[in-house]
Amino acid sequence: MNDSRTPKTLRHLARLLACGLALAASPAAARDDEQIWLNVTAMGPVSGNLLYFAEFQARGGIGDDAYRQLNVRPAVGWRINSQVSAYLGYVYVPTDINDNRANTENRVYQQLGWSFGKTAIGELSSRSRLEQRFRSDGSDTGWRFRQLLRTVVPIQSNPRPIKALATVEVFANLNTTDWGARSGFDQLRSFVGVEIPIQGRSTIEAGYLNQAINRPNADLRVNHVLSIALFIRR
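On a predicted model such as this, the values are computed, not experimentally measured, just so you know. (Residues numbered from 1 in each chain as written. Predicted model: local features only at pLDDT ≥ 70, side-chain atom pairs only at ≥ 80, totals over all residues. Heavy atoms only, no water.)

Re the nonpolar core
Right, so step 1: Among the nonpolar cores identified, the biggest contains 10 residues, and these are Met43, Leu51, Phe53, Ala75, Tyr87, Val91, Val93, Tyr109, Ala229 and Phe231.
Right, so step 2: When residues of this core are traced back to their parent elements, those giving at least two are strand 2 (50–61), strand 4 (84–97) and strand 11 (221–233).
Right, so step 3: Here this core gets three residues from one element, more than from any other, and that element is strand 4.
Right, so step 4: Contacts of Phe53, omitting those with residues within four sequence positions, involve Thr41, Ala42, Met43, Arg73, Pro74, Ala75, Tyr87 and Tyr109.
Right, so step 5: If you look at the next biggest cluster of nonpolar residues, it comprises six residues, including Trp37, Val152, Leu209 and Val225. (Core = buried A, V, L, I, M, F, W, Y, C linked by side-chain atoms within 4.5 Å. Buried < 20%, exposed > 50% of the residue type's maximum accessible area, 1.4 Å probe, protein only. Helix = DSSP H or I, 4+ residues; strand = E, 2+ residues; numbered from the N terminus. Contact = heavy atoms within 4.5 Å.)

Below is the structure:
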């Protein structure tokens, strides 16, 4: 890594996180919660350009707010070229709060991933996702768009270094539904942590995630999350 570029890169990583932290620090952010998210993801080729993706994520609240949620996310994809891949997937999301089933959500989504390779701000990639959301507590279909930017910067000089990692993901609802979604800004997730190589191409990603959620007619909800994820790559 070019050492002369490191300070500029770290400043950029800080700016990526700043917008999320600014929301969290705003006076409107009256509801803060602590959570743990644990994630296992497997991905790789099936045959030729055909890809698979399978994710299992458990989320839990800490303290009096007994929040529990699962995200089960299988998908099939196609490698368009060495930089771009497209996916079609499904998500099952049951949520419990204080021992009561709040809702069950099913989603269908379409996703486009793009790897930009090495840039002045590290190894940059993006993920664009369009979701169709179906909830048990309503009959409308919610449409939501999500845009994620991710950058990693090696912090060691060996062939398989530990890397500093930062992501920013913006969520926008495209319509209003009878189960509570409101058109416009939905949430912002900002993450900073490390990517640790393990066997083969697999990695562990661990760090802090700030989730700022827009709640119409209520205070902004901010979740402070310890996020630990295992990525198994073939």
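Examining the packing of aromatic side chains
Right, so step 1: Taken as a whole and assessed by the stated rule, the structure comprises two aromatic pairs.
Right, so step 2: Ring geometry for Phe53 against Tyr87: centres 6.2 Å apart, planes inclined by 65 degrees, an arrangement best described as edge-to-face. You can see Phe53 sitting in strand 2 and its partner Tyr87 sitting in strand 4, a full 34 residues away along the chain. Each member of the pair, Phe53 as well as Tyr87, carries the same accessibility label: buried.
Right, so step 3: Ring centres of Trp114 and Phe116 lie 5.9 Å apart, and the angle between their planes is 20 degrees; on these two criteria the pair is classed as stacked.
Right, so step 4: By relative accessible area, which is 37% here, Trp114 ends up partly exposed.
Right, so step 5: With relative accessibility at 39%, the residue Phe116 sits in the partly exposed group.
Right, so step 6: When the ring centre of Tyr109 is taken as origin, the NZ or CZ atom of Arg73, which lies over that ring, is 6.0 Å away. (Phe/Tyr/Trp six-rings, centres within 6.5 Å; stacked < 30°, edge-to-face > 60°. Lys NZ or Arg CZ within 6 Å of the ring centre and 35° of its normal.)

What to know about the pattern of salt bridges
Close approach of charged atoms allows side chains with opposite charge to pair.
Right, so step 1: Throughout the structure, instances matching the rule amount to 15 salt bridges.
Right, so step 2: Close ionic contact of Glu105 with Arg133 constitutes a salt bridge, the shortest N to O distance being 2.7 Å. Placement of the pair is Glu105 in strand 5 (residues 100–119) and Arg133 in strand 6 (residues 122–135), with a sequence separation of 28 residues. With respect to class, Glu105 is no different from Arg133; both count as buried.
Right, so step 3: Here the salt bridges do not stand alone but share partners, grouping Glu105, Arg107, Arg127, Glu131, Arg133, Arg135, Asp137, Arg144, Arg146, Glu169 and Asp186 into one network. (Salt bridge = Lys/Arg side-chain N within 4 Å of Asp/Glu carboxyl O.)

Some remarks on the side chain of Asn39
Right, so step 1: For Asn39, the position within the fold is in strand 1 (residues 31–47).
Right, so step 2: Ignoring any residue separated from it by four or fewer positions in sequence, one finds Asn39 in contact with Glu55, Phe56, Gln57, Ile228, Ala229 and Leu230.

Considerations on the environment of Thr119
Right, so step 1: For Thr119, the position within the fold is in strand 5.
Right, so step 2: A relative accessible area of 26% means that Thr119 is categorised as partly exposed.

As for the side chain of Glu195
Right, so step 1: Tracing the sequence through the fold places Glu195 in strand 9 (residues 184–197).
Right, so step 2: In this structure the side chain of Glu195 is engaged in a polar contact, spanning 2.6 Å, whose partner is the side chain of Arg150.
Right, so step 3: Apart from the residues within four sequence positions on either side, Glu195 is in contact with Arg150, Val152, Pro161, Ile162, Lys163, Leu165, Thr203, Ile204 and Glu205. (Polar contact = N/O pair within 3.5 Å; in protein donor to acceptor, adjacent residues only side chain to side chain.)

Section: the confidence of the model for the protein chain
Right, so step 1: For the protein chain, per-residue confidence averages 88 on the pLDDT scale, and 85% of positions sit at 70 or higher.
Right, so step 2: Per-residue pLDDT stays below 50 along residues 1–7; that stretch engages in five contacts with residues further than four places along the chain or on separate chains. (pLDDT = per-residue confidence, 0-100.)

Notes on the pairing of strand 8 (residues 163–173)
Each regular strand displays side chains that alternate between the two surfaces of the sheet.
Right, so step 1: Here strand 8 lies mainly inside the structure; nine of its 11 residues are buried.
Right, so step 2: Here strand 7 (residues 141–154) runs beside strand 8; their pairing, made up of 11 bridges, is antiparallel. Its bridge partner being in strand 8, Arg144 is matched across the sheet by Asn173.
Right, so step 3: For strand 8 and strand 9, the ladder comprises 11 bridges, and the chain directions are antiparallel. Looking at strand 9, one finds that Asn173 is bridged to Gly184. (Pairing = 2+ DSSP bridges.)

Focus: the pairing of strand 3 (residues 67–79)
Right, so step 1: Two elements, strand 2 and strand 3, share 11 bridges in a ladder whose sense is antiparallel. Counted as the bridge partner of Arg59 is Gln69 from strand 3.
Right, so step 2: Pairing between strand 3 and strand 4: nine bridges, direction antiparallel. By the bridge assignment, Gln69 is partnered in strand 4 with Thr95.
Right, so step 3: Connecting strand 3 to the next strand, strand 4, in antiparallel fashion are four residues.

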